Every structure is written in C-alpha cells, then in structure tokens.
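Chains, contacts and geometry: an overview
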Amino acid sequence: MFIGRRKELNELAEKLGNDRFESVLIYGRRRIGKTELIKEAAKDFDGTYIYYECKRSLLGDNLEGFNATLQRILKITFTFQTIRDAFAYIFEYAKTHRVLLVIDEIPFLWETLPVIVSDIRDLIDEYKSQSAMKFVLSGSYVDVMKSLNDGGSETYGRFTGIIELKAFDYYEASKFYPNYSDEDKVLMYSVFGGVAFFNSLIDNGKSATDNIKRLLIEPSSILQLEIEYTISAETSKIPAVNSVVELIGRGGTKYTDLVNELTSRNGAKVNPDYLIKKLIDLEIIEKVVPINEKKNKKKIFYRFHDNLMEFYYRYIYRNKNMNSVLSAEDFYSEIVAPDLREKYLPEKFESISKEFLIRANKAKKISPLIYEIGTYSFDDSKKKINRQFDVVTLDKLGYIAYECKYTDKPVGKAVINEEEYQCSSANLDFYKLGFISKNGFTDEVDRSKYNLFALRDFYSFE
C-alpha cells in the first residue's frame, strides 16, 4: 500500500500525463521511498515504461543489464555497444512512441562513466522539442544528485522538475500504524523515525514494544543490519564518519567539541567540516542554530536528525556486548526501558512538538502565523543564568516559548507558574508562553492566557 507523498505524487503524475517533454530529478536518502513514488506515478502512464536500476558495479555490468532490459521491454534482438547509444535509441524511439525512461541510482553509473552527464545534456538538448518523452533520473546520493543541477554542471537548466524526498514527519509516519494509541505512535516515531522503508516493516498486529525488539534489538535484526550497512558504506570511503556519529551519540554536539575529539582520534588529516556536511546530506545529523543567535557560532550544535540512528547509537551500539548475550526481552527491560521513559521519550516529545506546530501552522490552526521555529539560547554571565529553550516560535508579535511535558499527569498551575517565574526573572523577551502536554491540563489553567496543546491534538488533522 502506498502511503503519503500526495504532493510529490501529484507533481510527478502531472508531468507523466502531459504532452510535453519532461526531464525530472528525484533524490533523497536510501530507503526514503523514491522508487515506490516512481512506480506509483507510473501506474497510470499510457505508453512504454522502461525502468533500470544502476548497479554499483563495473560499467560492463550496467551495459549488459541495460541491454537486457531494453531487449525485454522493446522486444529488440540487437545489443548496444555503449550506454550513450542505448539512450540515443530510446530518445529517437520516443519521437513516435510515448516513453517513460527511468534511470534509478544514476550516481552508480556516473562513477564509472563520467561522460554520461554530457551525453544526457546533449540528448535533452537535441530531442526536447521533438517528443513528449518522460525522462526521470533518481538517486540516493543527495549531494551528487543536487550537483546535476548546480551552476557548474553540464546539465544545469535541463530539468523541468526537481523532487527531493524527505523523511515523513510524525503525522505521516503514523499512517503505517494507524491502530496504535497516540502514546504508542509517539514511541514508534521516536524509535523508527520517518523513513518509509523502516516503517513499512512494522507489523500492526504486534505491540509497539514487540516491533522494537523484533526489528531492532534482536542481534542481526533487519534494522540493525540496515544501520550498520549505511554507516559502513560511508566509513569505507571516509573512516572518520563513524567517529562523528559516535561522538554525537555520546553527547559531544558542539562544533569545537567535535573538532577537538576528531583531531585527537584521527590526526590533523581529518576534515571535520566535510564529515559533518556528509552526515547532514545523509540526514543522519542536523545543524541547530538558535533563532535568536544566528550569527553566534559558539551557539551552534549538532544532533541526530534520524530517530532510528539515534536510538541505535544510544542503546544498541554502546551496549553491543550485552546485546549479544541478553535476550531481546531482557535487553529491552534492562537497558532500554528505564532510560526510554525518563529521558529519551521526553526529549523526543520536544522535537515531535515542533513538527506538530509546523503542521498546525500550515493548517492555519495557529494565530498569528509562525514565521520561524527552533531553539532559543540565553546567557547572562552577571546573573549566572544559562538557558536553552528547545521549542520557540517567532511571529509578527515576537517570540513564544513552549514548554513540553511528557508526563502521566495533566499539567497544572504550579508548572506554569514556575515557567513564568523562570522567564520573568531572566527578563526574556517572550511576549507569550505556550505549553504542550502529553495528558492535557488541569481545569485551573487559564486557557485564554497561554497557547495550550495536548497530545490528542497531534493526530487530529484530516
């Protein structure tokens, strides 16, 4: 069953259904759902559909595989001596036939055939006014795919559409487990994140914790292997990548901390900026800049962007020995459960609350509309006050700070009074306070004075 991606699906379907030549770039990290999006959009394509996924192999292997694909689909009996000749034949064929040509994982072909980029440019330039062909290039190496349309690329300006697939937010991801309680939906998103493939493995007939144990905690489970493959694929080319992920997993999140640790571990040859950018492109980590301190480099820090990766490094990677000798049941109860409820889920509730506010803002359920959202940093050396707010919004009236409480009891006036005191004593420039609570609020809380949201609001969108 195809889930989500309505905007991207509609955009791609429009391009495949019109009578113009279209050339489309589609990219996003591994397992994000690029191929499924293409296949779903292609279901209604009225014409010849040619799909080829490039292998990470020798050029000859891809030429052989592409020839076999064309012989099967176009019923030809001859073979092409070069990839360019094969492409040229399809472009010529499309002058008299409706054709959708999809080349998936194009970076693998590009590695062994750099000239393919100029070949694609020449073919698009020659045939774009002669047919209504649909030409789609897809790939998982985001930086490589983006470079195909940057100013220095030979194919710059040749694409009529560019679609970047991001991970689902908490709400879209919940469609993979619609029958779970709101609390379990938070748990599942906090562990599995928003990558389509990871969520597609979840068995709705099993409990949330059973899925975590089966898919992630069991030694050699499918998602343990997936994470280890993702990291090893990068570390084989750049060994220090794993060092960055491990440091962030241990809490070393400031830029200076990362630089110092990486230098001491790997020597002066390491390039921290390159490593960090690589992990950001892979959507494993993200750069966090406080919305009120954008020019202060000392306030920048890095944290996991991918929930699954964070869960893995927090619990499994650092406890590998125990993971191999304890049963999944015992590992979960002894290692995961105590920290999960007390620390991990409250932390994740803050990031999910941010996603909720963004979704509510786009649905015009918040007024005034939010212009920016992020962390907020405050330091007063004289008063020795140092605070960071994880969820702060900026609108036309100013800043609103949100306190997020993932507790079993409704938030009462005492919690709100304490937050008001902390903000007023530090003279923070918040014109209003907001509170987001897992279990709502007591009757004594003045609902007209604060922005109040509960977990039940998170899944109320249609």
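Cut-offs and rules
Residues numbered from 1 in each chain as written. Predicted model: local features only at pLDDT ≥ 70, side-chain atom pairs only at ≥ 80, totals over all residues. Heavy atoms only, no water. Helix = DSSP H or I, 4+ residues; strand = E, 2+ residues; numbered from the N terminus. Buried < 20%, exposed > 50% of the residue type's maximum accessible area, 1.4 Å probe, protein only. Core = buried A, V, L, I, M, F, W, Y, C linked by side-chain atoms within 4.5 Å. Contact = heavy atoms within 4.5 Å. Salt bridge = Lys/Arg side-chain N within 4 Å of Asp/Glu carboxyl O. Pairing = 2+ DSSP bridges. Axes fitted to C-alpha atoms, helices over the stretch in contact; angles between N-to-C directions. Phe/Tyr/Trp six-rings, centres within 6.5 Å; stacked < 30°, edge-to-face > 60°. Lys NZ or Arg CZ within 6 Å of the ring centre and 35° of its normal. Parallel < 35°, antiparallel > 145°, perpendicular 65-115°, else oblique. Left-handed = near helix turned anticlockwise from the far one by under 90°. Nonpolar A, V, L, I, M, F, W, Y, C, P; charged D, E, K, R; others polar.

**Describing unusual backbone geometry**
- Look at the link from Ser-367 to Pro-368: it is a cis peptide, with omega at -5°.
- Within the chain, Arg-31 stands out as a residue other than glycine whose phi angle is a positive 70°.
- Looking at the secondary structure, you find Arg-31 in the loop between strand E1 (22–27) and helix H2 (34–42).
- One non-glycine residue, Ser-220, lies in the positive phi region at around 65°.
- Among the residues examined, Ser-220 registers a relative accessible area of 56% and is labelled exposed.

**A closer look at the nonpolar core**
- By size, the foremost hydrophobic cluster in this structure holds 95 residues, and its most contacted members are Phe-311 and Leu-357.
- A per-element tally of this core places helix H18 (residues 328–362) first, with 13 residues.
- Among the nonpolar cores identified, the runner-up in size contains 40 residues, and Cys-54, Leu-63, Phe-80 and Phe-91 belong to it.

**A closer look at the environment of Leu-215**
- Tracing the sequence through the fold places Leu-215 in helix H11 (residues 208–217).
- Residue Leu-215 is classed as buried on the basis of its relative accessible area, which comes to 2%.
- Residues Leu-215 and Ile-202, 13 residues apart in the sequence, show an inter-C-alpha distance of 8.0 Å.
- Residues within four places of Leu-215 in sequence aside, it is in contact with Phe-192, Leu-201, Ile-202, Ser-221, Ile-222, Leu-223 and Gln-224.

**Brief notes about the environment of Phe-159**
- Here Phe-159 lies in the loop between helix H7 (142–147) and strand E5 (161–164).
- According to the relative accessible area criterion, Phe-159 is buried, its value standing at 11%.
- Residues Phe-159 and Met-1 lie 158 residues apart in sequence; the distance between their C-alpha atoms is 30 Å.
- Other than its neighbours up to four places away in sequence, Phe-159 contacts Ser-23, Val-24, Leu-25, Leu-137, Leu-148 and Asn-149.

**Here's the deal with the environment of Pro-368**
- Position of Pro-368 relative to the elements: it lies in the loop between H18 and strand E8 (372–380).
- Overall, the relative accessible area of 17% leaves Pro-368 in the buried class.
- Sequence separation of Pro-368 and Arg-314 is 54 residues, and the distance between their C-alpha atoms is 38 Å.
- If near-sequence neighbours (up to four positions away) are discounted, Pro-368 is found in contact with Asp-395, Lys-396, Leu-397 and Tyr-431.

**Overview of the pattern of salt bridges**
- Enumeration over the complete set of coordinates arrives at 32 salt bridges.
- One salt bridge connects Lys-438 with Glu-183, and the closest N-O pair in it is separated by 3.5 Å. Taken together, the positions of Lys-438 in the loop between strand E11 (430–437) and strand E12 (451–454) and Glu-183 in helix H9 (residues 182–192) put the pair 255 residues apart, joining distant regions of the chain.
- With a relative accessible area of 5%, Lys-438 lands in the buried category.
- The exposure class assigned to Glu-183 is partly exposed, which follows from its relative accessible area of 33%.
- Salt-bridge contacts for Lys-405 lead to Glu-403; the nearest nitrogen and oxygen are separated by 3.3 Å.
- Judged by its relative accessible area of 26%, Lys-405 is partly exposed.

**Some details on the sheet that holds strand E4 (residues 134–139)**
- Ordered by their spatial adjacency, 5 strands build an open sheet running E2-E3-E4-E1-E5, and the pairing between neighbours is parallel. Two strands lie at the open edges of the sheet, namely strand E2 (48–53) and E5, each paired on one side alone. If you compare each strand with its neighbour and ignore which way they point, the axes differ by 15° on average.
- Bridge analysis of E1 against E4 gives 6 bridges, and the strand direction is parallel.

**Considerations on the packing of aromatic side chains**
- By the definition in use, this model includes 35 aromatic pairs.
- Consider the rings of Tyr-52 and Phe-66, whose centres lie 5.4 Å apart with planes at 50°: the pair is tilted. With Tyr-52 in strand E2 and Phe-66 in helix H3 (residues 59–74), this residue pair connects regions lying 14 residues apart in the sequence.
- Tyr-52 sits in the buried class, given a relative accessible area of 6%.
- Within the aromatic cluster, the residues linked to one another by ring pairs are Tyr-170, Tyr-171, Phe-349, Phe-356, Tyr-406, Phe-453, Phe-458, Tyr-459 and Phe-461.
- The ring of Phe-168 carries the charged tip of Arg-5 above its face, separated from the ring centre by 4.2 Å.
- The cationic tip of Lys-213 hangs over the ring face of Tyr-332; the distance from NZ or CZ to the ring centre is 5.3 Å.

**A look at the packing of H11 against H18**
- At a minimum axis distance of 10 Å, the contact between H11 and H18 shows a crossing angle of 105°. Here H11 lies roughly perpendicular to H18, going by the angle between them. Touching Thr-209, Ile-212, Lys-213 and Ile-217 of H11 are Ala-328, Glu-329, Phe-331, Tyr-332 and Val-336, all from H18.

**Remarks on the pairing of E12**
- Burial of E12 is two-sided: the residues Asn-451 and Phe-453 facing one way and the residues Leu-452 and Ala-454 facing the other way are all buried.
- When E11 meets E12, the two strands line up parallel, connected through 4 bridges. If you follow Ser-437 over to E12, its bridge partner there is Ala-454.

**What to know about the packing of H3 against helix H4 (residues 83–93)**
- Remark: H3 packs on H4, axes separated minimally by 10 Å, with the N-to-C direction vectors making an angle of 25°. Considered as vectors, H3 and H4 are oriented roughly parallel to each other. For the crossing formed where H3 meets H4, the hand is left-handed. Contacts between H3 and H4 involve Leu-59, Asn-62, Leu-63, Phe-66, Leu-70 and Leu-74 from the first element and Ile-83, Ala-86, Phe-87, Tyr-89, Ile-90 and Tyr-93 from the second.
- Here the contact of H3 with H4 is composed, by residue class, of 11 nonpolar, 1 polar and no charged.

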